[in-house]
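Report on the structure
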Amino acid sequence: MIKQTFYQRLLALHYVLPIPLNRLEPLLQEDNELAACEGMSSYQLSKLLRLTPERARKFKEAYTKVLGTPLVQAYNTNNITPIPFNHSYYPKQLRTLYDPPTILYAKGNIDYLTMKNYVAVIGARDATNYSKEAMSLILPPLIQNEIVIVSGMAKGADAMAHQATHNLGGKTIGILGHGHYTRYPKENDQLYSIMEKHHLTLTEYPPYITPQKWYFPMRNRIISGLCDALVVTEAKEKSGTVITLQHALDNGKDVYCVPGPITSILSLGPNQSLLEGAKPVWNGYQIVEEFQGLSFQK
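These notes cover the structure that comes with them. For clarity, every value in this text was computed on a predicted model and none was experimentally measured.

Remarks on the overall build of the protein
For the protein, the count of helices and strands is twelve helices and nine strands. Over its C-alpha atoms the protein spans a radius of gyration of 20 Å, differing by no more than 12% from the 19 Å that the globule rule assigns to 298 residues. Overall, the C-alpha framework of the protein stretches about 60 × 40 × 35 Å when taken along its three principal axes. Burial analysis of the protein (298 residues in total) assigns 52% to the buried set. Within the protein, counting contacts between residues at least 6 apart in sequence, those at least 24 apart form 72% of the total. In the protein, which carries 29 positive and 25 negative side-chain charges, the distance between the mean positions of the two groups comes to 6 Å.

Structural data, given as structure tokens:
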């Protein structure tokens, strides 16, 4: 059998078991090169990876099989760049999460991961023209100051943020809740083509993984983890957007909300968050000034 590198072994392991780094660390502490993983018993693997003995047995079988698969070649063919946790392009800010991604799969311009500042712009899937109008005031100053716009590639406000950033000549990163072989939602098919050609899409899931409801909260922690600040345009009081917002607050990020009309159900989330400590925003220069103040203090 051809001797595998740590990178190849990690890709094979993650292909079979796409778990965050905190779940993988006990195994890495025991076997930091993953060189002994194949020879471990199912019992050992079940303890180290927190799997049932049956799942550990199936994992070992699948892992051994995938080791012989040329994953690197397959990813290269599909213009997918795996960025493991020890890669120089892996965003340092994600390492501060409780459960950092083990590998990020990138499609597009990976140099975006070396930029200085990131702002997430998110909102409701059924966002109205109010979100678009708010972005027309918020995005231009950010883009003029080389700030990368991050969002979640969902329909509605996310798609508006990516498209507007592209139209304005800015840089944008789309975080996916599934693998690169899927384009979800279908309404964003054309946007995916733009993002993959001119910008960057990023996911912690191997390419074959299809969308599942519980993957999107996981995606949201990457959005809030990657960004320095987060902007919410419209959101219902209980929504994925508000969960992302809360995650950002919990991780010490600046959160900005667009105040909305009290007659709109999509303003309940931002307005309530303003009451709980988020900052009101109506102009992108407010965020730029905060960033420049932080840079000056450094």
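Read on, since the account is not over.
Let's talk about the nonpolar core
In this structure, Leu 27, Leu 49, Phe 59, Ile 173 and Leu 230 are the most contacted members of the largest nonpolar core, which totals 59 residues. Discounting chain neighbours no more than four positions away, the residues touching Phe 59 are Leu 13, Val 16, Leu 17, Cys 37, Leu 45, Leu 49 and Leu 51. Judged by nonpolar contacts, the second largest core, of 23 residues, contains Ala 134, Leu 142, Val 281 and Val 288.

Observations concerning the sheet that holds strand β4 (residues 148–151)
With mixed pairing, the nine strands of this open sheet are ordered in space as β1-β2-β6-β5-β4-β3-β7-β8-β9. The outermost strands of the open sheet, each flanked by one partner alone, are β1 (81–84) and β9 (279–280). Pairing geometry for strand β5 (residues 172–175) and strand β6 (residues 200–203), over three bridges, is parallel. Within the sheet, the bridge partner assigned to Gly 174 lies in β6 and is Thr 201.

Topic: helix α7 (residues 157–167)
Helical periodicity: at 3.6 residues per turn, an α-helix aligns residues three or four positions apart in one direction. Burial runs high along α7: eight of the eleven residues are buried. Of the residues making up α7, those classed as buried are Ala 157, Asp 158, Ala 159, Met 160, Ala 161, His 162, Ala 164 and Thr 165. Just downstream of α7 lies Gly 169, where phi reads positive at about 80 degrees.

With respect to the pattern of salt bridges
The final tally for this structure, using the stated rule, is 13 salt bridges. Note that Lys 236 is salt-bridged to Asp 126, the shortest N-O span being 3.8 Å. Linking Lys 236 in the loop between β7 (229–232) and α10 (240–250) with Asp 126 in the loop between β3 (118–122) and α6 (129–144), this pair joins segments that are 110 residues apart in sequence. Classification of Asp 126 by relative accessible area gives partly exposed; the value is 42%. With a shortest N-O distance of 3.1 Å, Glu 146 and Lys 171 are connected by a salt bridge. You can see Glu 146 sitting in the loop between α6 and β4 and its partner Lys 171 sitting in the loop between α7 and β5, a full 25 residues away along the chain.

Some details on the environment of Val 288
One can find Val 288 in helix α12 (residues 284–297). In sequence terms Val 288 and Pro 53 are 235 residues apart; their C-alpha atoms lie 52 Å from each other.

Some points on the packing of aromatic side chains
What the rule picks out here adds up to seven aromatic pairs. With centroids separated by 6.5 Å and ring planes inclined at 90 degrees, the aromatic side chains of Phe 6 and Phe 85 adopt a geometry described as edge-to-face. With Phe 6 in helix α1 (residues 6–16) and Phe 85 in the loop between β1 and β2 (103–108), the pair connects residues that are 79 residues apart, well separated along the chain. Relative accessible area serves as the criterion here: at 14%, Phe 6 is assigned to the buried category. According to the relative accessible area criterion, Phe 85 is buried, its value standing at 14%.

Brief notes about the layout of surface pockets
Over the atoms rolls a probe the size of a water molecule, and in doing so it shows where empty space is left. Size it by volume and the largest pocket reaches roughly 380 Å³. The wall of the largest pocket is formed by 21 residues, among which Arg 125, Arg 219, Ser 239, Gly 240 and Thr 241 lie closest to the centre. The biggest single contributor to the lining of the largest pocket is helix α9 (residues 215–226), with five residues. Residues of the lining of the largest pocket, tallied by class, amount to seven nonpolar, six polar and eight charged.

Focus: empty space enclosed by the protein
In total, this model carries one cavity of 30 Å³ or more according to the counting rule given. When its volume is computed, the largest cavity comes out at roughly 40 Å³. If you trace the largest cavity, you find it lined by Arg 125, Gly 152, Met 153, Ala 154, Leu 176, Gly 177, His 178, Tyr 184, Pro 185, Phe 216 and Arg 219. Partitioning the lining of the largest cavity into residue classes produces six nonpolar, three polar and two charged.

Parameters at a glance
Residues numbered from 1 in each chain as written. Predicted model: local features only at pLDDT ≥ 70, side-chain atom pairs only at ≥ 80, totals over all residues. Heavy atoms only, no water. Helix = DSSP H or I, 4+ residues; strand = E, 2+ residues; numbered from the N terminus. Rg over C-alpha atoms; globule rule 2.2 N^0.38 Å. Buried < 20%, exposed > 50% of the residue type's maximum accessible area, 1.4 Å probe, protein only. Contact = heavy atoms within 4.5 Å. Lys, Arg positive; Asp, Glu negative; His and termini not counted. Charge placed at Lys NZ, Arg CZ, Asp CG, Glu CD. Core = buried A, V, L, I, M, F, W, Y, C linked by side-chain atoms within 4.5 Å. Pairing = 2+ DSSP bridges. Salt bridge = Lys/Arg side-chain N within 4 Å of Asp/Glu carboxyl O. Phe/Tyr/Trp six-rings, centres within 6.5 Å; stacked < 30°, edge-to-face > 60°. 1 Å grid on protein atoms, 1.4 Å probe; cavity = no way out; pocket = protein on both sides within 12 Å on 5 of 7 lines; lining within 4 Å. Points joined across faces, edges and corners; volume = space filled by probe spheres on them. Nonpolar A, V, L, I, M, F, W, Y, C, P; charged D, E, K, R; others polar.

By themselves, these figures tell us nothing about what the structure is for.
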